[in-house]
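A structural walkthrough
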Amino acid sequence: MADLINEYSMHTATCGQLCAADDGREVTLTGWAWHNRDHGGLIFIDLRDRHGYTQVVVDPDCVSADDFAKAEHVGREDVLKVSGCVRLRAEDAVNPDMATGQIEVLASSIQVLNKSVTPPFAIEDGIETDETTRMKWRYLDLRRPEMHANIKLRHTVMQAMRRALDERGFLEVETPILANSTPEGARDYIVPSRPNPGKFYALPQSPQQFKQMLMAGGIERYFQIARCFRDEDLRADRQPEFTQVDIEMSFVTEDDVITMMEDVLHEVFSAVGLDLTVPLRRMPYTEAMASYGCDRPDVRFGMLLHDITDIVRDTGFKVFASVAQSGGVVKAINAKGAGDWSRGDVEKLASIAEANGAKGMAWVAFTTGGEEKSPIKKFFTDDEWAALKAEIEVEPGDLLLFAADEPAVANAVLSALRLHMADALGLIPEGEHALLWVVDFPMFKYDEDEKKYAAEHHPFSKVADEDLGLMETDPLSCGSYAYDIVMDGYEVGGGSIRIHDPEEQRRVLRVLGLSDEDIDDKFGHLIQALSLGTPPHGGIALGLDRLVMLLAGKDSIRDVIAFPKTSSAADPMTGAPSEVTARQLKEVDLRLM
């Protein structure tokens, strides 16, 4: 491998490969000057490339006066070409923390390929530079070893995916970037068409329809490492442009897709030095919502949600009783180990509850000394209090946190509190990963803002066979053949068995409020493909950025993308998005208001 790396290059070795066995070897290295030290007439330069570091020694007796003068004036990040002889370091000079720490290169010649001005931040790991500055000078940030390691990890994951899918008969097919806009999902990025004034392309949020039509075309097994675009509000694990591993298969069941994906991920994890035990656990959507409050549960720790609605239905605490009697739910989590927190620290948690839709937050603390502290205990009978403690398995040192509201709000509140408390109590094991499938998703949900039904996954998922008769009369009771793969509390992939019957597809789109005219206008090409012998098919899309983020142990996908955008969808390095000229606008028949 090293010989192939060095074959087409100015250098004959990289800065990370030399060892004691190379003693006496004549080499040429290229890279950036990381540190430059003058020790009594000898100059030591730590030379860095993407493979590592090598110490170069410049002795005035071994180089020309001109080259020694160059070495004296080498600055940080100057680009150098150094030739010399590998020699063993003195025993007391060996650096065990450096891969090349047993050797050094005694320089015979030095060439400065390019000088560098003083960089805006140190090119080393652990810097405290703010993220915007790092993104403005992203090409410098990428020189840092930890950033290079992230990009290399991303490459390794992508290549392992390609190999695993190729071995299983998948064809890599590119689908269009300029496509038509669809009314579902997040906002599209739209692109004006100069040859067609007043008409627009949309950048794809996903290749979903194209991959289904590839199945209609008999491709049978397709994959693509696809660039996708969504004009949505950003957060740490979202970007306006992102990469997904897109996969589709014909003549398959849900079990076939899940088993295939587990086998592929097993190989990917092996490629990055991790073991993934398959088959993975499968958790029904209803269990995930009931026990974890969300459909992407982090199962690396406990602290499950307890439903105590029946216990508090007639309690004297009216906040709980009124919710229980009006069709809502009262749920709680047990944060073991937080029972001795101060009242002030506990009450600060209310801000998390309120941010997730709660009007307030009730709590009960059971101290390690046996005290029971709570502003709500006085409203409970002895029997109610005993039943509550039994249901939640209370012990000294426990802190109970409650949510009383409609199910969606109560689940969201306790899900957020559960993650916060796990982090605060150190319950999440560092370096460990937990993957599982969440299956049996509902087909539809009701969008309160839009006052209409929406697809829980997307409108191309197949409705559960036993629920097809409920679509028009009771849509919210319809299940689907949809599934998500969850890792460490993040959804890293989602898929489904697709609709392959054109009339079923029309029925689903009608439930979502589309007229037949809208269906023909927006989805006519897909309906037509389904009517011309499209086989049963299904697939999945994995979020590559999010998967690599988790494998790298990072908190933001920006750390594993070479050139990401900020939280305002801007690029500080290039200045994008930027204004365009009046002439450019005129060419596409647009004007600014």
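Treat the numbers as computed from the prediction; the structure is a model and nothing was measured.

**Points about the sheet that holds strand β15 (residues 372-373)**
Strand order in the open sheet formed by 5 strands is β12-β13-β16-β14-β15, with antiparallel pairing between adjacent strands. At either margin of the open sheet sits one strand with a lone partner, and together these are β12 (306-307) and β15. Here strand β14 (residues 363-366) pairs with β15 via 2 bridges, running antiparallel. What sits directly across from alanine 365, in β15, is lysine 373. In the packing of helix α14 (residues 407-424) onto the sheet, the strands contacted are β13 (329-336) and β16 (398-405), and the crossing angle to β16 comes to about 155°.

**Digging into the nonpolar core**
Grouped together as the largest cluster of nonpolar side chains are 43 residues, with contacts concentrated most on Val157, Met161, Ile247, Met261, Leu265, Trp437 and Ile485. The element best represented in this core is helix α7 (residues 254-271), accounting for 8 residues. Not counting the four nearest positions on each side in its chain, tryptophan 437 is found in contact with Ile258, Met261, Glu262, Leu280, Arg281, Arg282, Met283, Tyr483, Asp484, Ile485 and Ile540.

**Some thoughts on the packing of helix α15 (residues 502-511) against helix α16 (residues 516-530)**
Interaxial distance between α15 and α16 falls to 10 Å at its minimum, and their mutual angle equals 155°. Classed by the angle they form, the pair α15 and α16 counts as roughly antiparallel. The chirality of how α15 crosses α16 is right-handed. Where α15 abuts α16, its residues Pro502, Gln505, Arg506, Leu509 and Arg510 lie against Asp516, Ile519, Asp520, Phe523, Leu526, Ile527 and Leu530. Split by residue class, the contact of α15 with α16 holds 7 nonpolar, 1 polar and 4 charged.

**Describing a nonpolar patch on the surface**
A surface patch of nonpolar side chains, amounting to about 250 Å² of accessible area, comprises Ile177, Leu178 and Tyr201. Among the secondary structure elements, isoleucine 177 is positioned in the loop between β6 (171-172) and β7 (190-192).

**Focus on the sheet that holds strand β3 (residues 52-58)**
Strand pairing within a sheet occurs via backbone hydrogen bonds; the two strands may be parallel or antiparallel. The sheet built from 5 strands closes into a barrel, its strands ordered β1-β2-β3-β5-β4 with mixed pairing. Strand-to-strand, the axes of this sheet are offset by a mean angle of 55°, without reference to chain direction. Across the sheet, helix α2 (residues 65-72) lies against β1 (26-39), β2 (42-49), β3 and β5 (103-114), angled at about 85° from β5, the strand it touches most.

**Let's talk about the pattern of salt bridges**
As enumerated under the stated definition, the model contains 45 salt bridges in all. The closest approach of N and O atoms between aspartate 520 and arginine 506, which form a salt bridge, is 2.7 Å. One end of the pair, aspartate 520, is in helix α16; the other, arginine 506, is in helix α15, and 14 residues separate them in sequence. Relative accessible area serves as the criterion here: at 43%, aspartate 520 is assigned to the partly exposed category. We classify arginine 506 as buried; its relative accessible area is 17%. Taken together, the shared-partner salt bridges connect Arg134, Arg138, Asp141, Arg144, Glu146, Lys554 and Asp559 into one network.

**Section: the environment of arginine 281**
With respect to the helices and strands, arginine 281 occurs in strand β11 (residues 281-284). When sequence neighbours within four positions are dropped, the list of residues in contact with arginine 281 reads Glu287, Tyr292, Val299, Leu436 and Trp437. In this structure the side chain of arginine 281 is engaged in a polar contact, spanning 3.2 Å, whose partner is the side chain of glutamate 287.

**A short note on the side chain of arginine 506**
At 2.7 Å, the side chain of arginine 506 and the side chain of aspartate 520 are in polar contact. Ignoring anything within four residues of it in the chain, the contact list for arginine 506 reads Asp516, Ile519, Asp520 and Ile527.

**Some words on the side chain of aspartate 141**
The residue aspartate 141 is located in helix α4 (residues 138-141) in this model. Judged by relative accessible area, which is 0%, aspartate 141 ranks as buried. Polar side-chain contacts of aspartate 141 include one of 3.1 Å to the side chain of arginine 134. Sequence-distant contacts of aspartate 141, defined by excluding residues within four places in its chain, comprise Phe121, Ile127, Arg134 and Met147.

**Describing the pairing of strand β10 (residues 241-250)**
Looking along a regular strand, one sees the side chains alternate between the two faces of the sheet. In terms of burial, β10 is a largely internal element, 9 of the 10 residues being buried. Alignment of strand β9 (residues 221-229) against β10, held across 9 bridges, turns out to be antiparallel. In the strand pairing of β10, alanine 226 is matched with glutamine 244.

**Focus: the packing of aromatic side chains**
In this structure the tally under the stated criterion is 11 aromatic pairs. Each ring, one from phenylalanine 366 and one from tryptophan 385, has its centre 6.2 Å from the other, and the planes form 35°; the classification is tilted. Of the two residues, phenylalanine 366 is situated in strand β14 and tryptophan 385 in helix α13 (residues 382-392); the sequence distance between them amounts to 19 residues. By the burial criterion, phenylalanine 366 is buried, and tryptophan 385 matches it. Their ring planes at 70° and their centres at 5.7 Å tell us that phenylalanine 460 and phenylalanine 523 sit as a pair that is edge-to-face. Of this pair, phenylalanine 460 sits in the loop between β19 (452-455) and β20 (482-487) while phenylalanine 523 sits in helix α16; the two residues are 63 residues apart in sequence, bridging distant segments of the chain. With a relative accessible area of 1%, phenylalanine 523 lands in the buried category. Taken together, Phe317, Phe320, Phe366, Phe379, Phe380, Trp385 and Phe402 form an aromatic cluster joined through their ring pairs. Lysine 136 extends its terminal NZ or CZ atom over the ring of tryptophan 137, reaching a point 5.7 Å from the ring centre.

About the criteria used
Residues numbered from 1 in each chain as written. Predicted model: local features only at pLDDT ≥ 70, side-chain atom pairs only at ≥ 80, totals over all residues. Heavy atoms only, no water. Pairing = 2+ DSSP bridges. Helix = DSSP H or I, 4+ residues; strand = E, 2+ residues; numbered from the N terminus. Contact = heavy atoms within 4.5 Å. Axes fitted to C-alpha atoms, helices over the stretch in contact; angles between N-to-C directions. Core = buried A, V, L, I, M, F, W, Y, C linked by side-chain atoms within 4.5 Å. Buried < 20%, exposed > 50% of the residue type's maximum accessible area, 1.4 Å probe, protein only. Parallel < 35°, antiparallel > 145°, perpendicular 65-115°, else oblique. Left-handed = near helix turned anticlockwise from the far one by under 90°. Nonpolar A, V, L, I, M, F, W, Y, C, P; charged D, E, K, R; others polar. Patch = residues over 30% accessible without salt bridge, like charges linked within 9 Å, V, L, I, M, F, W, Y side chains within 5 Å. Areas by Shrake-Rupley, 256 points an atom, 1.4 Å probe, with all protein chains shown as cover. Salt bridge = Lys/Arg side-chain N within 4 Å of Asp/Glu carboxyl O. Polar contact = N/O pair within 3.5 Å; in protein donor to acceptor, adjacent residues only side chain to side chain. Phe/Tyr/Trp six-rings, centres within 6.5 Å; stacked < 30°, edge-to-face > 60°. Lys NZ or Arg CZ within 6 Å of the ring centre and 35° of its normal.

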